[in-house]
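Okay, here's what each chain looks like letter by letter:
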Amino acid sequence: MTQSQLRIVIVGHVDHGKSTLVGRLLHETGSLPDGRVETIRAASEKRGVAFEWAFLLDALQAERDQGITIDSTRIRLKTPGRETVVIDAPGHKEFLKNMITGAAAADAAVLVVDAVEGVREQTRRHGYLLHLLGMTQVVVAVNKMDAVGWSQARFDEVSAEVAGFLKGIGLTATHVVPLSAYVGANLTARADQMPWNDGPALVEALASFHPQPGLADMPLRFPVQDVLKLDERRIVVGRIESGRLRVGDELVFWPSGKAARVATIEGWNQAAPAIGAAAGQSVGITLDDHIFVERGHVASHGLASPCECTALRANLFWLSREPLTVGSRWRLRLATAEVWAEVAAIEKVVDVEDLSAANATQVERNAVAEVLLRLRGTIAADTFADNPRLGRFVLVDGHDVAGGGIVTATDLETGRQGVPKSTNLFPVGHRAPLEARWALNGHRGGVIWLTGLSASGKSTIAMEAEHQLLRKGRQVYVLDGDNIRQGLNADLGFSPDDRAENIRRVGEVAHLFAQAGIIVITAFISPYRADRDRVRAIRPGNFHEVYIKADVEECARRDPKGLYARALRGEIPEFTGVSAPYEEPETAEMVIETLGRSVEHSVAALLDYIDRSFVLKAGEAAGVGG
Amino acid sequence: MNDLDALESQSLHILREAFSRIEKVALLWSIGKDSNVVLWLVRKAFFGHVPFPVVHVDTGCKMPEMIAFRDRFAAEWKLPLIVGQNKAALEAGMGPHQGRVACCEALKTDGLKAVVAEHGFKGIIAGIRRDEEGTRAKERIFSPRGVQAEWNVRDQPPEFWDQYKTDVPPGGSIRIHPILDWTELDVWRYIQRENIPQVGLYFAKDGKRFRSLGCTPCTAPIESPAASVAEIIEELSGTRVSERSGRAQDRESEDAFERLRANGYM
């Protein structure tokens, strides 16, 4: 009951049976009020028309009269385990804006294809739009199987046709399900009529889908909706679109670039004030400094900021009766920002029938195009690939939304990447228990201790892993051998004693970082087993030894800093692997063999280990209030 | 975030959007559970404040318990309350005996239009939900109304990615529906979680309770032993009877409710 809902949109060509499918699904899953089917049957009889399952959805008189769906509708479906919201979208080309209204709100889609007719114009258009809207969870329902005698051969034919088309637009169907909505076959249970089919029934296929992926794990994007002045307070309100924020965080507001810290997270009728909030939450915060903030600004953490741009490249779908032409001007709205935009170029218009692209000087209603927009002001944006919430916009014509687009590029000649104002992202409150920090971060802290020969790949792997973890919103920091030796340990050399002291200090620092809730990755040769074991002993449960394995010959061959060559010439005394020993770990939590493997492969293996080992256990996530 | 958190967050976002983007907004307060929840959400969105008027359209035949509830909490919560009434129609003897739909139009729809015209409201916040009824299921969160408050149901504007229609053409207005995606069960679960006061008529006495509140002549109680919020939640979790089954005006004809709404009903 408390799980998040899954929202599924039903799309496809007109008359391929979308509303019939939804009506029948409601009936089969027991989601309808008592007497609803009887009421509709009686009303149909009174009007002298045959009962149709679609009448359950088509609530408007005009819809029942014409036997088509005009506007999308949303209905809760009782499915085992979680609640599903079914969005029935119209298939008629005339009502594409209503189809988009439905599809843009969904986590997953069912593309309905008539087994007799196969792929038709709106099948292609809807498929293409699903792709454009970033939909990745798609089931194809081959409907009206009763009308083709439950024929496996016909099903295979239609499946191949759909799969071929979807592949062309870069979309993959998770399942292709043969069914008959009219008969109610293969909806909730596998159908006797199709013994040849060993795939799931539709409801089973839908059960494999997930609500929106982890926006909370992405970098912070907090678009300012309003600044409320209440009771002497200045409260910045808005919804966190991605990432997390907490009291004490330094936020940078774009496009101004001004920074201030979160002083409080405001609430009403709450037991205790919240100290953190995450993606999806509508919050109000106060800042510790009186910087100028207004609607349209986007707050991020210093690192991983959005792009400040005055031009955008975008894939766009057009809904207005008035065509989009080069030189035309529209109000562009992206998150809470609004700015005038001029169409600088129409790069191509896509024909959804055969997916061919053509040059054109204007984009007609219901068409899809690639365009370049020049803005009359600066806004903060991301590409859709980097952040779906800050990478999509609408164009407004007078009072109405005229089209929508997803940003494919922001780093155009006039765009520039925001400059981090501060890297101090790690506020410390000493009365806070470690678990509270973990809950706020959304992951545990700890030490990932990379050990291995010089040139084995420790630093490269550590830096790339840090980069990827940061992008996922993890609190992570790399302690690198060369960097530490230039500062904290500048007084130490390479004798066994100095090496031991070097590792001891690094070990202490690493554990302090871990106590602050951070994933700390160290990249030190640390050749002696006893030194590593001493570091482990500081907090054994938080220490993960990872052996980056590559033999001396291979490392000497790589030798990026030319050290092996110098060591072999005798220019560097006590060089590990040449003139000083390296003691291989005996109890490492993980061994990454780098010989013959790419850096990507090694990093992926390490990230997989970190994801598994640093995930919050049941109960630890509690306390992230809002 | 659980499902109630997600619904609450969406509603707060909608209310703040309405307040930030539309010049003059008002909350329509029917004293029923849904608009009580919206009122609560307004106080949450604005940290205890109600920054715009709260409008009650009094048909003159609302149940006395509802009026008592209104007056008590309007005072307790210091609400900027405006009570509207179509006095001319009441004086002319309008009532359900002249046809339930005609009565609703005169006392509720026209009563609302008069308040909107008098105060120049551009946005009206209403606590309708998709699961109540088929035409409401097709509504927009920000739903434009014409000069006569009419709803052009066959040509609604697109609404996606939380980019709402907040620009009002001259003479028109916008209905804002912050709990459109909630269900009846969600509303009661939220009432339970937040401990939101409700009119006593919702709770069973002598085996009967009201599931939906309206005017005395057109609203019937249902058979139910549910005498507390917890018992109502329990009852609704298993029910297969529709919520507006006690509301007579919906059943005058197949499209009675659609026609009411197209003409400006909530």
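Chemist: Kindly report on the overall build of chain A, identifying the contributing residues and their values.
Modeler: Broken down by element type, chain A carries 15 helices and 30 strands. Residues classed as buried in chain A amount to 56% of the 626 residues present. Put simply, 73% of the contacts in chain A that link residues at least 6 apart link residues at least 24 apart. When the accessible surface of chain A is split by element, carbon and sulfur atoms take 51% of a total near 25600 Å².

Chemist: I'd love a proper account of the overall build of chain B, names of residues and values included.
Modeler: Across its full length, chain B carries nine helices and eight strands. In terms of principal-axis extent, the alpha carbons of chain B reach across some 50 × 50 × 40 Å. Across the 266 residues in chain B, those meeting the buried criterion constitute 64%. Summing over all exposed atoms, chain B offers an accessible surface of approximately 9500 Å²; the carbon and sulfur share of this is 51%. Here chain B holds 36 positive side-chain charges and 38 negative ones, and the gap between their average locations is 2 Å.

Chemist: Can you lay out the pattern of salt bridges for me, pointing to particular residues and giving the numbers?
Modeler: Residues and elements named next belong to chain A. Under the criterion given, the structure shown has 64 salt bridges over all chains. Taking the shortest distance from any N to any O, the salt bridge between Arg246 and Asp249 comes out at 3.4 Å. Since its relative accessible area comes to 3%, Asp249 is described here as buried. Beyond isolated ion pairs, a larger network of salt bridges with shared partners links Asp217, Arg244, Lys472, Arg474 and Asp611.

Chemist: Residues and numbers for the side chain of Asn542 of chain A, please.
Modeler: Residues and elements named next belong to chain A. As for its position among the elements, Asn542 is in the loop between helix H12 (529-538) and strand E29 (543-549). On the accessibility criterion, Asn542 (11% relative accessible area) is buried. For Asn542, the contacting residues outside a window of four places in its chain are Gly445, Gly446, Val447 and Gln515.

Chemist: Help me get a handle on the domain arrangement of chain B, residues and values and all.
Modeler: Often, the extent of an interface is quoted as the loss of accessible area upon association of its parts. All names here are of chain B. Structurally, chain B comprises domain 1 (3-183 + 253-262) and domain 2 (195-251). Its C-alpha centre places domain 1 at a distance of 21 Å from the equivalent point of domain 2. Counting residues at the interface gives 28 residues for domain 1, matched by 23 residues for domain 2. In total, about 2200 Å² of surface goes out of reach between domain 1 and domain 2, with carbon and sulfur atoms giving 65% of it. Among the residues of domain 1 in contact with domain 2, Lys33, Met63 and Arg100 are the three that bury the most area, contributing 27% of the side total. Where domain 1 meets domain 2, there are zero salt bridges. At the junction of domain 1 and domain 2, the tally comes to two residue pairs in polar contact (both at pLDDT 80 or more). Tallying contributions element by element places helix H2 (residues 33-45) first for the side of domain 1 that touches domain 2, with five residues. In terms of residue class, the side of domain 1 that touches domain 2 is made up of 15 nonpolar, four polar and nine charged.

Chemist: Account for the interface of chain A and chain B, naming residues and giving values.
Modeler: In this assembly, 71 residues from chain A lie in contact with 57 residues from chain B. Here chain A packs against chain B, burying approximately 5500 Å² in sum over the two surfaces, 51% of which is carbon and sulfur. Taken together, the links from chain A to chain B amount to six salt bridges. Here Arg295 of chain A makes a salt bridge to Glu17 of chain B, at a shortest N to O gap of 2.7 Å. In this assembly, chain A and chain B are joined by 20 residue pairs in polar contact (both at pLDDT 80 or more). In terms of residues, the side of chain A that touches chain B owes the most to one element, strand E24 (residues 400-409) of chain A, which gives six residues. Split into classes, the residues belonging to the side of chain A that touches chain B amount to 28 nonpolar, 22 polar and 21 charged.

Chemist: Which residues make up the pairing of E24 of chain A, and what values do they have?
Modeler: Consecutive residues of a regular strand have side chains that alternate between opposite faces of the sheet. All names here are of chain A. Burial analysis of E24 places eight of its 10 residues in the buried class, the great majority of the element. As judged from the six bridges shared by strand E16 (residues 307-318) and E24, these two strands associate in the antiparallel manner. For Ala314, the partnering residue across the bridge sits in E24 and is Val407. Between strand E23 (residues 392-397) and E24, which pair antiparallel one after the other, the connecting turn spans two residues, and Gly398 there sits at a positive phi close to 65°.

Chemist: Tell me about the packing of aromatic side chains, and name the residues and values.
Modeler: This model, assessed by the stated rule, comprises 22 aromatic pairs over all chains. Arranged with centres 5.0 Å apart and planes meeting at 85°, the rings of Tyr564 of chain A and Phe575 of chain A form a pair that is edge-to-face. In this pair, Tyr564 of chain A is assigned in helix H14 (residues 563-568) and Phe575 of chain A in the loop between H14 and strand E30 (590-593), connecting sequence segments 11 residues apart. Chaining the aromatic ring pairs together yields one cluster made of Trp268 of chain A together with Trp40, Phe69, Phe73 and Trp77 of chain B. The side chain of Arg41 of chain A reaches across the aromatic face of Phe51 of chain A, ending 4.3 Å from its centre. Here the basic side chain of Arg261 of chain B rests over the ring of Trp151 of chain B, its NZ or CZ set 4.8 Å away from the ring centre.

Chemist: Requested: an account of the sheet that holds strand E9 (residues 233-239) of chain A, with residues and values cited.
Modeler: Reading across the sheet, the seven strands line up as E7-E15-E11-E12-E14-E9-E8 (chain A) and stay open at both edges, with antiparallel pairing between neighbours. Across the chains shown, the open sheet's two edge strands, defined by having one partner strand only, are strand E7 (222-223) and strand E8 (226-230) of chain A. Running at roughly 65° to strand E14 (residues 282-287) of chain A, helix H1 (residues 3-21) of chain B makes contact with E8, E9 and E14 of chain A of the sheet.

Chemist: Kindly report on the confidence of the model for chain B, identifying the contributing residues and their values.
Modeler: Regions with low pLDDT should not have their predicted coordinates read in detail. Confidence in the prediction of chain B, expressed as mean pLDDT, is 89, and 95% of residues score 70 or more. Per-residue pLDDT, averaged within each element of chain B, yields its smallest value for helix H9 (residues 256-262) of chain B (78) and its largest for H2 of chain B (97).

Chemist: Hey, could you go over empty space enclosed by the protein for me, with residue numbers and the actual values?
Modeler: This model, assessed by the stated rule, comprises four cavities of 30 Å³ or more. By volume, the second largest cavity is sized at about 140 Å³. Arg239, Glu241, Arg295, Ala335, Thr336, Arg389 and Arg392 of chain A together with His13, Glu17, Trp161, Asp162 and Gln163 of chain B are the residues that line the second largest cavity. The class makeup of the residues in the lining of the second largest cavity is two nonpolar, three polar and seven charged.

Chemist: Kindly report on the packing of helix H4 (residues 96-103) of chain A against helix H5 (residues 121-132) of chain A, identifying the contributing residues and their values.
Modeler: Residues and elements named next belong to chain A. Between H4 and H5, whose axes approach to 11 Å, the crossing angle comes to 40°. Accordingly, the angle class assigned to the pair H4 and H5 is oblique. Between H4 and H5 the crossing geometry is right-handed. For the pair formed by H4 and H5, the contact residues are Leu96, Met99, Ile100 and Ala103 on the first element and Gln122, Arg125, His126, Leu129 and Leu130 on the second. Its residues assigned to classes, the contact of H4 with H5 comprises six nonpolar, two polar and one charged.

Chemist: Please provide a residue-by-residue account of helix H6 (residues 152-168) of chain A, values included.
Modeler: Residues and elements named next belong to chain A. End to end, H6 covers 24 Å across 17 residues, agreeing with the expected 24 Å (1.5 Å per residue, within 8%). Those residues of H6 hidden inside the fold are in contact with strand E4 (108-114), H5, strand E5 (138-143) and strand E6 (175-178). In this structure Ser151 caps H6, since a side-chain oxygen of it lies 3.3 Å from the backbone nitrogen of Ala153. One or two steps after H6, the chain reaches Gly170, where phi turns positive at roughly 80°.

Chemist: Help me get a handle on the state of the cysteines, residues and values and all.
Modeler: Counted under the stated rule, the structure contains zero disulfides over all chains. No disulfide involves Cys307 of chain A; its sulfur sits 4.6 Å from that of Cys309 of chain A, the nearest cysteine. The closest cysteine sulfur to the non-disulfide-bonded Cys61 of chain B is located on Cys215 of chain B, 3.9 Å from its own sulfur.

Chemist: Kindly report on the environment of Ala185 of chain A, identifying the contributing residues and their values.
Modeler: Residue and element names in this part refer to chain A. Among the secondary structure elements, Ala185 is positioned in the loop between E6 and helix H7 (202-207). The exposure class of Ala185 is buried, given its relative accessible area of 4%. Between the C-alpha atom of Ala185 and that of Lys144, which follows or precedes it by 41 residues, the distance is 9.5 Å. Among all residues touching Ala185, those that are not within four sequence positions of it are Trp150, Leu179, Ser180, Ala191 and Gln193.

Chemist: Please give an account of the packing of helix H9 (residues 458-471) of chain A against helix H15 (residues 599-613) of chain A that cites residues and values.
Modeler: For any two helices packed against each other, one specifies the crossing angle of their axes together with the interaxial distance. Residue and element names in this part refer to chain A. Across the interface, H9 lies against H15 with an axial gap of 9 Å and an inter-helix angle of 55°. Of the possible angle classes, the one that applies to H9 and H15 is oblique. For H9 against H15, the interelement crossing comes out right-handed. Residues Thr460, Ile461, Glu464, Ala465, Gln468 and Leu469 of H9 lie in contact with H15, whose contacting residues are Val599, Ser602, Val603, Leu606, Leu607 and Ile610. Here the contact of H9 with H15 is built from residues that sort into eight nonpolar, three polar and one charged.

Chemist: Could you give an account of H4 of chain A, naming the residues involved and the relevant values?
Modeler: Residues and elements named next belong to chain A. Buried residues dominate H4, accounting for eight of its eight residues. Listed as buried for H4 are Leu96, Lys97, Asn98, Met99, Ile100, Thr101, Gly102 and Ala103. Next to the buried residues of H4 lie strand E1 (6-12), strand E2 (73-78), strand E3 (83-88), H5 and E16.

About the cut-offs
- Residues numbered from 1 in each chain as written.
- Chains lettered and ligands numbered in written order.
- Predicted model: local features only at pLDDT ≥ 70, side-chain atom pairs only at ≥ 80, totals over all residues.
- Heavy atoms only, no water.
- Helix = DSSP H or I, 4+ residues; strand = E, 2+ residues; numbered from the N terminus.
- Buried < 20%, exposed > 50% of the residue type's maximum accessible area, 1.4 Å probe, protein only.
- Contact = heavy atoms within 4.5 Å.
- Areas by Shrake-Rupley, 256 points an atom, 1.4 Å probe, with all protein chains shown as cover.
- Lys, Arg positive; Asp, Glu negative; His and termini not counted.
- Charge placed at Lys NZ, Arg CZ, Asp CG, Glu CD.
- Salt bridge = Lys/Arg side-chain N within 4 Å of Asp/Glu carboxyl O.
- Domains from an automatic or database assignment.
- Buried area = accessible area lost by both parts, 1.4 Å probe.
- Polar contact = N/O pair within 3.5 Å; in protein donor to acceptor, adjacent residues only side chain to side chain.
- Nonpolar A, V, L, I, M, F, W, Y, C, P; charged D, E, K, R; others polar.
- Pairing = 2+ DSSP bridges.
- Phe/Tyr/Trp six-rings, centres within 6.5 Å; stacked < 30°, edge-to-face > 60°.
- Lys NZ or Arg CZ within 6 Å of the ring centre and 35° of its normal.
- Axes fitted to C-alpha atoms, helices over the stretch in contact; angles between N-to-C directions.
- pLDDT = per-residue confidence, 0-100.
- 1 Å grid on protein atoms, 1.4 Å probe; cavity = no way out; pocket = protein on both sides within 12 Å on 5 of 7 lines; lining within 4 Å.
- Points joined across faces, edges and corners; volume = space filled by probe spheres on them.
- Parallel < 35°, antiparallel > 145°, perpendicular 65-115°, else oblique.
- Left-handed = near helix turned anticlockwise from the far one by under 90°.
- Expected span 1.5 Å × (residues − 1).
- Disulfide = S-S within 2.5 Å.

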